[in-house]
Amino acid sequence: MLRRSRIARSLPQRGFTLVELTVVIVLIGILSTTMFLFFNNTFSQYFTLQKDGSNFTDLATQSQRIANVLRGLTDIVSETSDDLVVYAYFAPSDTYASQIHYYESPDHTELMADVTHMTADPPIGTLIPDTKTTYTVIPDFYQAVGVNLFTYLDSSGSALTLPVADEHTIKGIQVSLAAPPGDGSRAQSITLEVSLPNRKDN
């Protein structure tokens, strides 16, 4: 028994040196930082892609709503690159066409629509001023620089020069919407071309 105790005492008692502990701590720090950066970048890319997809979906929905109204228009009253007045059915349940005025808000942050009902379809019907209702079509409106909200097309699909001398030459309308870049997301844009099958020629 005494012999074993002496042997145990004679064995070298060795632990980690300060250098070894420092190396281990540094290695753990490097691995932790690498893993953090990897997962942080991955999550950031995921959320950015998700936001890009959401922005594009919103643009597609908004442009489709405008296109559905314009597709059923019966006549165009006036038109500019960012302002359009038409006779059309704003809601599928409408009995008669309404006068619909699309325009940007004064601060250019919203796309608005004034809808005024009529006593009958034009040219017979007259406007009912008391029914005028203003809708916010796009609350966070953004228009890319150099891109028109509305572009008017002739029968060959070519853009007409504004002002249009004869509105009966307008056979299609191109609607261009955009979402600004921000928080790592890219700028999104969508252009939808609407043919006018119900457009009157006289």
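Scroll up to find the structure.
For clarity, every value in this text was computed on a predicted model and none was experimentally measured.

Colleague: Got a sec to walk through the packing of aromatic side chains? Specific residues and values, please.
Modeller: Tallied over the entire structure, the rule returns two aromatic pairs. On the basis of an interplanar angle of 50° and a centroid distance of 6.3 Å, the ring pair of Tyr 102 and Phe 150 is categorised as tilted. Remark: Phe 150 occurs in strand S6 (residues 150-153) and Tyr 102 occurs in strand S3 (residues 98-104); sequence separation between them is 48 residues. In terms of burial, Tyr 102 and Phe 150 fall into one category: buried.

Colleague: Any details on the sheet that holds strand S8 (residues 188-195)? Residues and values, ideally.
Modeller: Each strand in a sheet pairs with another by means of backbone hydrogen bonds, the pair being arranged parallel or else antiparallel. A sheet is described by the order of its strands in space; here three strands give the open sequence S6-S7-S8, paired in antiparallel fashion. Looking at strand neighbours, the two that pair on one side only are S6 and S8, the edges of this open sheet. Across the sheet, the mean angle from the axis of one strand to that of its neighbour is 20°, orientation sign disregarded. As judged from the eight bridges shared by strand S7 (residues 172-179) and S8, these two strands associate in the antiparallel manner. Bridging from a neighbouring strand, Ile 173 pairs with Val 194 of S8.

Colleague: I'd like a description of a nonpolar patch on the surface, backed by residues and values.
Modeller: A cluster of nonpolar side chains, namely Val 19, Val 23, Val 26, Leu 27 and Ile 30, defines an oily patch on the protein surface of about 450 Å² accessible area. Examined against the element boundaries, Val 23 turns out to sit in helix H2 (residues 18-71).

Colleague: Please provide a residue-by-residue account of unusual backbone geometry, values included.
Modeller: The omega torsion of the bond from Pro 122 to Pro 123 falls at 10°, within 30 degrees of zero and hence cis. Relative to the helices and strands, Pro 123 resides in the loop between strand S4 (111-116) and strand S5 (133-138). The residue after Leu 162, namely Pro 163, is reached through a cis peptide bond having omega -5°. Looking at the element boundaries, Pro 163 is found in the loop between S6 and S7. Even without being a glycine, His 108 presents a positive backbone phi close to 60°. Secondary-structure assignment places His 108 in the loop between S3 and S4. With a relative accessible area of 49%, His 108 lands in the partly exposed category.

Colleague: Quick one: what's the story with the environment of Ala 144, residue by residue and with numbers?
Modeller: With respect to the element layout, Ala 144 can be found in the loop between S5 and S6. Assessed through its relative accessible area of 24%, Ala 144 is described here as partly exposed. Spatially, the C-alpha atoms of Ala 144 and Ala 178 are 6.2 Å apart, while their sequence positions differ by 34 residues.

Colleague: Residue-level account of the sheet that holds strand S1 (residues 75-79), with values.
Modeller: Judged by pairing direction, the sheet is antiparallel, and its five strands sit side by side in the order S1-S2-S3-S4-S5 without closing on themselves. Where the open sheet ends on each side, the last strands, each with one partner, are S1 and S5. Here the strands of the sheet are splayed against their neighbours by 20° on average, with no regard to which way each runs. Pairing analysis gives four bridges linking S1 to strand S2 (residues 83-88), with the strands arranged antiparallel. Looking at the pairing, Asp 75 lines up with Tyr 87 of S2.

Parameters at a glance
- Residues numbered from 1 in each chain as written.
- Predicted model: local features only at pLDDT ≥ 70, side-chain atom pairs only at ≥ 80, totals over all residues.
- Heavy atoms only, no water.
- Phe/Tyr/Trp six-rings, centres within 6.5 Å; stacked < 30°, edge-to-face > 60°.
- Helix = DSSP H or I, 4+ residues; strand = E, 2+ residues; numbered from the N terminus.
- Buried < 20%, exposed > 50% of the residue type's maximum accessible area, 1.4 Å probe, protein only.
- Pairing = 2+ DSSP bridges.
- Axes fitted to C-alpha atoms, helices over the stretch in contact; angles between N-to-C directions.
- Patch = residues over 30% accessible without salt bridge, like charges linked within 9 Å, V, L, I, M, F, W, Y side chains within 5 Å.
- Areas by Shrake-Rupley, 256 points an atom, 1.4 Å probe, with all protein chains shown as cover.
- Salt bridge = Lys/Arg side-chain N within 4 Å of Asp/Glu carboxyl O.

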